[in-house]
Amino acid sequence: MLKMTHLSKVYRTEVVETYALRDFNINVKEGEFVAVTGPSGSGKTTFLTIAGLLETFTGGEYHLDGVEVSNLNDNARSKIRNEKIGFIFQAFNLIPDLNVFDNVEVPLRYRGMKAAERKQRIMDALERVGLASRAKHYPAELSGGQQQRVAIARALAGSPRLLLADEPTGNLDTQMARGVMELLEEIHREGATIVMVTHDPELAARAQRNVHIIDGQVVDLAEDPRFHHAVHAARNNAPA
Amino acid sequence: MQIKPILSALRRHKAGTFLIAMQIALTLAIVCNALFIIHQRVSHLSEPTGLDEADIFVIQNEWVGTSTPQQADAKIREDLVVLRQLAGVQDATPSNSYPLRGGGWDDGIKLKPDQQQDTTGSTVYFADDHFIDTLGLKLIAGRNFRADEIAAMDVRDTLAPPQMIVTKALADKLFPNGDAVGKTIYMVGGPGTIVGVVDVLQAQSVDRWAAEFAHRSTIIPKRLASTIGTFYIVRARPGQLDAAMKAASKALFAHNPRRIINEQDGLLSFTEVRSRAYERDRGMAILMGVICVVLLAITAAGIVGLTSFWVGQRRKQIGVRRALGATQRDILNYFMTENLLISSAGALFGVLLAVAINLWLVTRFEMNRLSLVYVLAGVVILLLLGQGAVLAPAMRASRVPPVEATRSV
């Protein structure tokens, strides 16, 4: 589903070159739930933005759903983002001027979908996240957890092949975070491919597989003993 | 189309939306009426006098030491001989005034002697048998005055010419069947017979009060023997206007220095006469044009400012839209459509306001009713202005990268 080979991302200024990702390799199979972890500044978010075609990369190859994306133009990248990827952001990124219904509708409109189909998909997605009754509410009228559920509904409404989540519980309290995480697990159980960036070992422990990044490269989790132990402990404490 | 979500978003930005829509409405209302006024003034500027203007100049001659009408008439006849003998002069004629001068002689015309109300007003030009040729008028019916019909007339005499030549506009007003020649009409002093009809001869005044009879002129076979002065209308030979003007003034003074020809406006080419006559109209048209341009510029600046502010404010939101699949064109279209909706709402109010302002002008200043063409032109101008003004900030918005969605500030 998502395969990066020897991928690099370099930020250049006049005097210095900074490698955000270096010889980066990852292969996420269809239906997997992968947690991408690592300390701050390790390159997690850069990986996510490249994976989501929000940014271009400097070298290497990236195949998304079998398509090599490095040579695609802006329109083609937009189309792939719209049709194949669902985004869940840490800060929810709902549009404050639009109500819940209209927020979920945004990606569907860009797909040129007919109104009746849009409405059906929106209501299905909102029901799935338990917020159908809040369709006319504005984001400011919802709790953080509810806003993130709306963002998940927005990501799901387009039936994407890949869900990319960037610290999806980072702005939520424990109880709300648990609810959102359970929702993601449920979505995964239904067959979705999820790549979640997080620095939270408890969340990482709930994913099928961990990919750990340090200094822009994928490393064995054991190379970060503290995080490794934390993930291990979280797995052991997880309810059966 | 994204009209519904755009309207939803605009409802959350009522103040900015309302202000810019009202600015557009006010601009439209003023621009429509200003364009209408400009058109009226410009049309006024191009009204024909009926004269062969390129070769004509006028002399305002004031007498010094002339005490009787008889003396004045004698001097006028001598001056005409002097002028007509000049090499660069084709012909010359005396008159009480000339078209576009701004003042002269008007009279009411009646069809019956006992008629209480005038049938129409008319400008009266005193003329001799050279008048038609000198001015280059086109005689379309009847005949010119004969030399023996021309008589001197004191300013204190009552206006009762035995013969008259009228313009087609006056003839049509008085005798719509087209048989004016030979008919009797009545001026203040009594009856006269129409002996000829000229095509066009504009009135002396271009002001609104004279608009009703702007081309209803009467030419009478009289030399106005005024002890104050007279006007000479002179036609130069083609291409010799400047030389003829200089020679005419010089020859008149050489013949009789006891006269005043004012340096500023005593000797004017007809081009200058036209320019002076329409100075106010031209000034008004320019003023209205400047007001339109300034208002449109302010409105455009307002749209650019507000859209730029909104683009800055929604940078993250644009990034999110891009992340969710919007192309650059989608973002551009969003802002263009948003502006079109605001401009359309403003234009709708603007049309109502334009009509209201025009109705006020109609009742207050007797202006004409605003034509729908000007309202439509104003709407099109404002909508295009809005789209033009929003283009640069909208393009800036479309260049916001999708990665903006992941930035925290």
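Because the structure is predicted, anything quoted here is derived from the model rather than measured.

Basis of the calculations
- Residues numbered from 1 in each chain as written.
- Chains lettered and ligands numbered in written order.
- Predicted model: local features only at pLDDT ≥ 70, side-chain atom pairs only at ≥ 80, totals over all residues.
- Helix = DSSP H or I, 4+ residues; strand = E, 2+ residues; numbered from the N terminus.
- Rg over C-alpha atoms; globule rule 2.2 N^0.38 Å.
- Buried ≥ 20, exposed ≤ 12 C-beta atoms within 10 Å, placed from the backbone.
- Contact = placed C-beta atoms within 7 Å.
- Pairing = 2+ DSSP bridges.
- Axes fitted to C-alpha atoms, helices over the stretch in contact; angles between N-to-C directions.
- UniProt positions renumbered as here; feature names shortened; annotations may be inferred.
- Nonpolar A, V, L, I, M, F, W, Y, C, P; charged D, E, K, R; others polar.
- Domains from an automatic or database assignment.
- Expected span 1.5 Å × (residues − 1).
- Core = buried A, V, L, I, M, F, W, Y, C linked by C-beta atoms within 7 Å.
- Parallel < 35°, antiparallel > 145°, perpendicular 65-115°, else oblique.
- Left-handed = near helix turned anticlockwise from the far one by under 90°.

The number of helices and strands found in chain B is 11 helices and 14 strands. A globule of 409 residues ought to have a C-alpha radius of gyration of about 22 Å, yet chain B, at 32 Å, is considerably larger. The principal-axis extents of the C-alpha atoms in chain B amount to approximately 100 × 50 × 35 Å. Taken across its 409 residues, chain B has 44% of its residues classed as buried. Relative to all contacts within chain B whose residues are 6 or more apart in sequence, the contacts with residues 24 or more apart total 84%.

In this section: the overall build of chain A. Of regular secondary structure, chain A possesses 8 helices and 10 strands. The globule rule puts the C-alpha radius of gyration for 240 residues at 18 Å, and the 18 Å found for chain A is close to it. At a minimum sequence separation of 6, the contacts of chain A that also span at least 24 residues come to 71%.

Here the focus is the sheet that holds strand E10 (residues 217-219) of chain A. Residue and element names in this part refer to chain A. Within the open sheet, the 6 strands sit side by side as E6-E7-E8-E3-E9-E10. Their pairing is mixed. The open sheet terminates on both sides in strands that have one partner only, identified here as strand E6 (85-88) and E10. Taken over all neighbouring pairs, the strand axes of this sheet differ in orientation by 25 degrees on average, direction set aside. Pairing of strand E7 (residues 162-166) with strand E8 (residues 193-197), which is carried by 5 bridges, proceeds in the parallel orientation. The residue bridging aspartate 166 from the neighbouring strand is valine 197, located in E8.

Along the chain, arginine 149 of chain A falls in helix H5 (residues 144-157). Taking the C-alpha atoms as reference, arginine 149 of chain A lies 24 Å from isoleucine 50 of chain A; in sequence the two are 99 residues apart.

Mapped onto the present numbering, the UniProt feature "domain: MacB-like periplasmic core" (unreviewed entry) falls at residues 50-248 of chain B. The span residues 50-248 of chain B carries 19% helix and 34% strand; its end-to-end C-alpha distance comes to 24 Å.

All names here are of chain A. The strand order E2-E1-E4-E5 describes an open sheet built from 4 strands, whose pairing is antiparallel. Strand pairing shows two members of the sheet lacking a second neighbour, strand E2 (17-28) and strand E5 (67-68), which therefore form its edges. Here strand E1 (residues 2-12) runs beside E2; their pairing, made up of 8 bridges, is antiparallel. Following the sheet pairing, arginine 12 is matched in E2 by glutamate 17. Across the face of the sheet, helix H1 (residues 44-51) comes into contact with E1, E2 and strand E4 (59-64) while running at roughly 65 degrees to E2.

Each partner contributes residues to the interface: chain B has 20 residues there, and chain A has 26 residues. Listing elements by their share of the side of chain B that touches chain A, those giving two or more residues are helix H1 (3-11), helix H9 (315-323) and helix H10 (328-365) of chain B. Per element, the largest residue contribution to the side of chain B that touches chain A is 4 residues, and it comes from H9 of chain B. In the side of chain B that touches chain A, the residues fall into 9 nonpolar, 8 polar and 3 charged.

What follows concerns the UniProt feature "transmembrane region" (unreviewed entry) in chain B. All names here are of chain B. Feature annotation in UniProt assigns "transmembrane region" (unreviewed entry) to the following positions: residues 15-38, 284-311, 340-361 and 373-395. In residues 15-38, the share of helix is 100% and the share of strand is 0%. The end C-alpha atoms are 34 Å apart. Between the C-alpha atoms that bound residues 284-311 the distance is 40 Å, and the span itself is 100% helix and 0% strand.

Once that is clear, we can look at the domain arrangement of chain B. Domain annotation for chain B reports domain 1 (3-45 + 280-406) and domain 2 (65-257). One C-alpha centre belongs to domain 1 of chain B, the other to domain 2 of chain B, and the line joining them spans 54 Å.

Put simply, side chains in a regular strand alternate between the two faces of the sheet. All names here are of chain A. As paired strands, E1 and E4 are joined by 5 bridges and run antiparallel to one another. The residue of E4 that forms the bridge with methionine 4 is tyrosine 62. Linking E1 back to E2 in an antiparallel pair, the connection comprises 4 residues.

It is worth spelling out H5 of chain A at this point. Residues and elements named next belong to chain A. The terminal C-alpha atoms of H5, which comprises 14 residues, lie 20 Å apart, in line with the 20 Å expected from a rise of 1.5 Å per residue. Burial runs high along H5: 13 of the 14 residues are buried. One or two residues past the end of H5 sits serine 159, with phi positive at roughly 50 degrees.

Attention now goes to helix H3 (residues 100-110) of chain A. Summarising burial for H3 of chain A: 11 of the 11 residues are buried, a large majority. Of the positions making up H3 of chain A, those classed as buried are Val100, Phe101, Asp102, Asn103, Val104, Glu105, Val106, Pro107, Leu108, Arg109 and Tyr110 of chain A.

All right, on to the nonpolar core then. Core analysis: the biggest nonpolar cluster contains 116 residues, and Ala153 and Val195 of chain A together with Leu28 and Cys32 of chain B have the highest contact counts within it. Looking at which element gives the most residues to this core, the answer is helix H2 (residues 14-45) of chain B, with 14 residues. In this structure, Leu80, Val198, Leu201 and Val273 of chain B belong to the second largest nonpolar core, which totals 60 residues.

Moving on to the packing of H5 of chain A against helix H6 (residues 174-189) of chain A. Residues and elements named next belong to chain A. In the contact formed by H5 and H6, the axes pass within 9 Å of each other and the chain directions differ by 20 degrees. Here H6 runs roughly parallel to H5, going by the angle between their axes. As H5 runs across H6, the sense of the crossing is right-handed. Contacts between H5 and H6 involve Gly144, Gly145, Gln148, Arg149, Ile152 and Leu156 from the first element and Met176, Gly179, Val180, Leu183 and Ile187 from the second. Split into classes, the residues belonging to the contact of H5 with H6 amount to 6 nonpolar, 4 polar and 1 charged.

Relative to the elements of secondary structure, alanine 392 of chain B occurs in helix H11 (residues 372-398). Between the C-alpha atom of alanine 392 of chain B and that of valine 304 of chain B, which follows or precedes it by 88 residues, the distance is 7.8 Å.

Attention shifts here to unusual backbone geometry. Glycine aside, residues mostly have negative phi angles, and peptide bonds mostly take the trans form. All names here are of chain A. At aspartate 65, a position not held by glycine, the phi torsion is positive, near 55 degrees. Mapping aspartate 65 onto the fold places it in the loop between E4 and E5. For aspartate 65, a count of 16 C-beta atoms within 10 Å puts it in the partly exposed group.

This part covers the environment of valine 400 of chain B. All names here are of chain B. Position of valine 400 among the secondary structure elements: in the segment after H11. Residue valine 400 is classed as buried on the basis of its 21 C-beta neighbours within 10 Å. Separated by 144 residues in the primary sequence, valine 400 and asparagine 256 place their C-alpha atoms 85 Å from one another. Sequence-distant contacts of valine 400, defined by excluding residues within four places in its chain, comprise Arg315, Ile318, Gly319 and Arg322.

All names here are of chain B. Running from N to C, helix H8 (residues 279-313) and H11 point in directions that differ by 25 degrees, and their axes come no closer than 9 Å. By the angle between their axes, H8 is roughly parallel relative to H11. The two elements H8 and H11 cross, and the hand of that crossing is right-handed. Here H8 contributes Leu296, Thr299, Ala300, Ile303, Val304, Thr307, Ser308 and Val311 to the contact with H11, which in turn contributes Leu385, Gly386, Ala389, Val390, Ala392, Pro393, Ala394, Arg396 and Ala397. Class assignment of the residues belonging to the contact of H8 with H11 gives a composition of 12 nonpolar, 4 polar and 1 charged.

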